[in-house]
Amino acid sequence: MRLIGHRGARNEAPENTLGGFKHIIALGLKAVEFDVRLLQDQQLAVIHDDNFLRTTGLDQTIAMTSSYQLAHTDNRVGWDHWPQAEPTPLLAEVLDLIRHFEHIEVEIKAVNDEQQAQLIASKLHQVLEGWQDRVTFTSFDLKVLEAFKSLNSSFQRGLLVELPLGDAIIPIAKQLGCQRIGLRDSFATQDLIEKIRFEQLQCSVWTVNNVERARQLASWKIDGLITDVPSQMLAAHIEGCFL
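Residues numbered from 1 in each chain as written. Predicted model: local features only at pLDDT ≥ 70, side-chain atom pairs only at ≥ 80, totals over all residues. Heavy atoms only, no water.

S.K.: So, helix 4 (residues 114-127): which residues are in play, and what are the values?
M.R.: The periodicity of an α-helix, 3.6 residues per turn, causes residues three or four positions apart to be oriented the same way. Between its first and last C-alpha, helix 4 extends 20 Å over 14 residues, near the 20 Å set by a 1.5 Å rise per residue. Along helix 4, the residues classified as buried are Ala 117, Ile 120, Ala 121, Lys 123, Leu 124 and His 125. Each element contacted by the buried residues of helix 4 is listed here: strand 2 (31-38), strand 3 (44-46), helix 3 (91-97), strand 4 (103-108), strand 5 (135-139) and helix 5 (142-150). Backbone nitrogen of Gln 115 and a side-chain oxygen of the N-cap are separated by 3.2 Å at the start of helix 4; the cap is Asp 113. (Helix = DSSP H or I, 4+ residues; strand = E, 2+ residues; numbered from the N terminus. Expected span 1.5 Å × (residues − 1). Buried < 20%, exposed > 50% of the residue type's maximum accessible area, 1.4 Å probe, protein only. Contact = heavy atoms within 4.5 Å. Polar contact = N/O pair within 3.5 Å; in protein donor to acceptor, adjacent residues only side chain to side chain.)

S.K.: Please give an account of the packing of aromatic side chains that cites residues and values.
M.R.: Inspection of every chain in the model, using the stated rule, returns five aromatic pairs. Ring geometry for Trp 79 and Trp 82: centres 6.0 Å apart, planes at 80°, overall edge-to-face. Of the residues examined, Trp 79 reaches a relative accessible area of 15% and is grouped as buried. Centroid distance Phe 137 to Phe 155: 4.8 Å. Interplanar angle 45°. Geometry classified as tilted. Of this pair, Phe 137 sits in strand 5 while Phe 155 sits in the loop between helix 5 and strand 6 (156-161), and the two are 18 residues apart along the sequence. Comparing Phe 137 with Phe 155 shows no difference in burial state: the two are buried. An aromatic cluster of three or more residues is present, and its members are Phe 137, Phe 148 and Phe 155. (Phe/Tyr/Trp six-rings, centres within 6.5 Å; stacked < 30°, edge-to-face > 60°.)

S.K.: Explain the pairing of strand 1 (residues 2-6) residue by residue, including any values.
M.R.: With five of its five residues buried, strand 1 lies for the most part within the structure. Where burial is concerned, the two faces of strand 1 agree: the one with Arg 2, Ile 4 and His 6 and the one with Leu 3 and Gly 5 are both buried. Inspection of the sheet shows strand 1 paired to strand 9 (residues 224-227) by four bridges, in the parallel sense. Residue pairing for strand 9: Leu 3 is matched across the bridge by Leu 225. One ladder, built from two bridges, connects strand 1 with strand 2; its direction is parallel. Residue pairing in the sheet places His 6 in a bridge with Glu 33 of strand 2. (Pairing = 2+ DSSP bridges.)

S.K.: Tell me about the pattern of salt bridges, and please be specific about residues and values.
M.R.: Using the criterion set out here, one finds 20 salt bridges in the structure. The residue Glu 102 makes a salt bridge to Arg 2 at a minimum N-O spacing of 3.3 Å. Separated by 100 residues along the polypeptide, Glu 102 in the loop between helix 3 and strand 4 and Arg 2 in strand 1 bring together distant segments of the chain. By relative accessible area, Glu 102 is classed as partly exposed at 39%. Residue class for Arg 2 comes out buried when judged on its relative accessible area of 14%. Asp 96 is the partner of Arg 99 in a salt bridge, and the nearest nitrogen-oxygen pair spans 3.2 Å. (Salt bridge = Lys/Arg side-chain N within 4 Å of Asp/Glu carboxyl O.)

S.K.: Now, about the nonpolar core: what can you tell me, with residues and values included?
M.R.: Core analysis: the largest hydrophobic core is formed by 61 residues, its most contacted members being Phe 34, Leu 124, Leu 183 and Leu 217. Excluding anything up to four places from it in sequence, Phe 34 contacts Arg 7, Asn 16, Phe 21, Val 46, Leu 91, Val 94, Ile 98, Ile 104, Glu 105, Val 106 and Glu 107. With six residues, the next largest nonpolar core counts Leu 39, Ile 47, Phe 52 and Leu 70 among its residues. (Core = buried A, V, L, I, M, F, W, Y, C linked by side-chain atoms within 4.5 Å.)

S.K.: I'd like a description of the pairing of strand 2, backed by residues and values.
M.R.: Extensive coverage of strand 2 is indicated by the burial of eight of its eight residues. Side-chain alternation along strand 2 places Ala 31, Glu 33, Asp 35 and Arg 37 on one buried face and Val 32, Phe 34, Val 36 and Leu 38 on a second face that is also buried. Read from strand 1 through helix 1 (residues 18-27) to strand 2, the crossover connection turns out right-handed. Here strand 2 pairs with strand 4 via six bridges, running parallel. For Asp 35, the partnering residue across the bridge sits in strand 4 and is Glu 107. The pairing of strand 2 with strand 3 spans three bridges and is antiparallel. Pairing of Leu 38 across the sheet is with Leu 44, part of strand 3. The turn linking strand 2 back onto strand 3 is made up of five residues, and Gln 42 within it adopts a positive phi angle of 70°. (Right-handed = clockwise from strand over helix to strand, strands pointing away.)

S.K.: If you had to explain the environment of Thr 138 to someone new, which residues and values would you point to?
M.R.: Take Thr 138: it is sitting in strand 5. The class for Thr 138 is buried, based on a relative accessible area of 2%. Sequence separation of Thr 138 and Val 77 is 61 residues, and the distance between their C-alpha atoms is 27 Å. Apart from residues lying up to four places away in sequence, Thr 138 is in contact with Glu 105, Val 106, Glu 107, Ile 108, Gly 158 and Leu 160.

Quick look at the structure:
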């Protein structure tokens, strides 16, 4: 079971920021999950929400923001003790930091229509060319996963699941050409994980911040544990957990 930092380490550092990614690098992690969205000028930003408000205090949508404006944002809302400003990073800036990482889950947030899905899928293909051995594109949005399939993508893909659909998710994932399923922790039962593995699909579980639950999932042999608290998981020395 690989330890994967969620948005960097969102309970230990400002989420989806260069400082947060530097934090997990210092811990020794070699796997991370983060979110991407398209900006107004078609650049890719690393941010979860469709508005800056929650993390920066700025009430402005991502889709109406250009890349040059990111330098004026600061993702330290709720992090008064954090020593330096954390502007919203571009994907390229994050990639420069994590070139040595072995597993990267890039979550594409939901889009409005198939045209937008094709646009962001094509852009990600272009920016991440050469990263096929490390990057898995994940999404809840079936339009996005269909767009990657239509590109005959050589990147691995993962279907994210936030509804209690049971093993009905398996044929959906396979039809979309996915190699991985990302389960919400509350839906991750031993039976479902065994069925996913039987179908030769990989399984990540999110977001797991309880050490005893992490031990249980490790014993069920999931492939990836996505957590906000990698420091706690490392300190627990969970059998079967690796970086």
